[in-house]
Amino acid sequence: MPESADHWAMAAAVGRMPNPSGYQEVTALEEELAAAFGVRRAVAVSSGTAAIVTALAACGVGVGDEVLVPAVTVVMTAAAVVAAGARPVFVDAGADGRGLDLTDLSAKTGPATKAVIAVHLAGRIDGIHDVAAYTRTTGLRLIEDACQAQGTTTRGRAAGTVGDIGCFSLKDGKIIACGEGGYLLTDDDALADRAAAYRTHWQSPAPGAPAGSRLGVNYRLAEPLAALTRHQLARFPDALALRRRQAAALHHAVDPTLGLEPVAPADGEVPNGYSALWRLTLPEPRAFAAHLASLGVPNSVGTHRLTAAHLHPACSGYATGDLPRARATVDTLLAVPFTEHNTEQAIEQWALTIRQEAAAWKS
């Protein structure tokens, strides 16, 4: 490992090991995350998926319960619901593919429904305030899967702080990252206490559940990874600014291109630049996205084979019919993500490839 600030941050944590009860770096990280995003509490966990499972457990969601999930999401969101013992119920996209269809959301809310998960793909938070109003009216918990939305704001509030609890990933490639990890944000002390107890085998107390009174799991974030995350968090403003510059540069170099319609932010939203985002109006848009990926332009559909979650083979047992807007939204999506290693020259080459291939596309 090179002699860097990252090295020394991790070396200090490693130097205190073995210390099975040590939690110094995680405790400091949680305080710093809460301060950075303007909430009362943060709870660090071992992955973004662990964050969602832990949030569901903190909200009392378990076996026999249903959770309303957007069909426009990665399959990992649905997997977390199943891991918590509940059943995902997929909801169609709203008008123009934005947010959740509130009519479909209402129709699928039933006696077994305990929570709604809103997913902020590509750093966008479309419709979150409407969904929050709905959950307040119905008494449902609102969990935000903000794993791709670190730093996005909506009406002055950070992604993951509009609902009851927000879930984030620290996987390599996220704007704040440590290789693998996650965290939750909330203003609800009871939710935070239950999340902290659940992620550590319920060895700490929570309201109505003394230490050791329930079963939990080991979703703790390792101390060296917490130390690395603290260092990354200190650099977060610069990293966020870089992502936004990268997204703006790619859009500037591509727009306007026939067949690609840039997706504007929702009213009051400031995206984090996680991805440059277009709707494809070209024929066979999924094939076009795959074609770009084969030419070195990474994108969610072509590279990662993103599909509407209700159409994913692993979710076939939970699908209850076609959700046409969700399917069309994902199939026409071109989301090109960035990392800090993408140079100006690489972005210029991506733009050239997108423009040339869109002009030549005949599929």
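In short, a report on the structure. (Residues numbered from 1 in each chain as written. Predicted model: local features only at pLDDT ≥ 70, side-chain atom pairs only at ≥ 80, totals over all residues. Heavy atoms only, no water.)

Some points on the sheet that holds strand β9 (residues 182–186)
Strands in a sheet are paired, the pairing made by backbone hydrogen bonds, and the direction either parallel or antiparallel.
Logical step 1: On the basis of which strands lie adjacent, the open sheet formed by 7 strands has the order β1-β9-β8-β5-β4-β2-β3 and mixed pairing. The open sheet is flanked by β1 (41–45) and β3 (87–91), the only strands paired with a single partner. Averaged over all adjacent pairs, the angle separating strand axes in this sheet is 25 degrees, with direction ignored.
Logical step 2: The sheet contact formed by strand β2 (residues 66–70) and strand β4 (residues 113–119) spans 3 bridges and is parallel. Residue pairing in the sheet places Val-67 in a bridge with Ala-115 of β4.
Logical step 3: Helix α3 (residues 48–58) contacts β1, β2, β4, β5 (141–145), β8 (165–169) and β9 of the sheet and is inclined by roughly 160 degrees relative to β8.
Logical step 4: The strands touched by helix α6 (residues 128–138) are β4 and β5; relative to β5, the strand with the most contacts, the crossing angle is about 155 degrees. (Pairing = 2+ DSSP bridges. Helix = DSSP H or I, 4+ residues; strand = E, 2+ residues; numbered from the N terminus. Axes fitted to C-alpha atoms, helices over the stretch in contact; angles between N-to-C directions. Contact = heavy atoms within 4.5 Å.)

Describing the pattern of salt bridges
Logical step 1: Overall, the coordinates contain 14 salt bridges when judged by the stated rule.
Logical step 2: A salt bridge links Asp-101 to Arg-325, with the nearest nitrogen and oxygen atoms 2.2 Å apart. Taken together, the residues Asp-101 in the loop between β3 and α5 (102–107) and Arg-325 in helix α11 (residues 324–331) connect sequence positions 224 residues apart.
Logical step 3: The shortest N-O distance in the salt bridge between Arg-141 and Asp-188 comes to 3.8 Å. Here the residue Arg-141 occupies a position in strand β5, and Asp-188 occupies one in the loop between β9 and α7 (189–198), the gap between them amounting to 47 residues.
Logical step 4: If you follow the salt bridges from partner to partner, you end up with Arg-40, Arg-41, Asp-189 and Asp-193 in one network. (Salt bridge = Lys/Arg side-chain N within 4 Å of Asp/Glu carboxyl O.)

Quick look at the layout of surface pockets
Logical step 1: Volume-wise, the largest pocket comes out at about 890 Å³.
Logical step 2: Forming the walls of the largest pocket are 38 residues, and the residues nearest its centre are Val-74, Met-76, Gln-148, Lys-174 and Tyr-274.
Logical step 3: Mapped onto the lining of the largest pocket, the elements with two or more residues apiece are α3, α4 (75–83) and β13 (333–337). (1 Å grid on protein atoms, 1.4 Å probe; cavity = no way out; pocket = protein on both sides within 12 Å on 5 of 7 lines; lining within 4 Å. Points joined across faces, edges and corners; volume = space filled by probe spheres on them.)

Re unusual backbone geometry
Across the chain, the bulk of peptide bonds are trans and the bulk of non-glycine residues have phi less than zero.
Logical step 1: The linkage connecting Asp-255 with the following residue, Pro-256, adopts the cis geometry, with an omega of -10 degrees.
Logical step 2: Residue placement: Pro-256 occurs in the loop between α9 (236–254) and β10 (260–262).
Logical step 3: Despite not being glycine, His-201 has its phi angle at roughly 55 degrees, a positive value.
Logical step 4: Examined against the element boundaries, His-201 turns out to sit in the loop between α7 and α8 (223–234).
Logical step 5: One non-glycine residue, Glu-284, lies in the positive phi region at around 50 degrees.
Logical step 6: Structurally, Glu-284 can be placed in the loop between β12 (275–280) and α10 (285–294).

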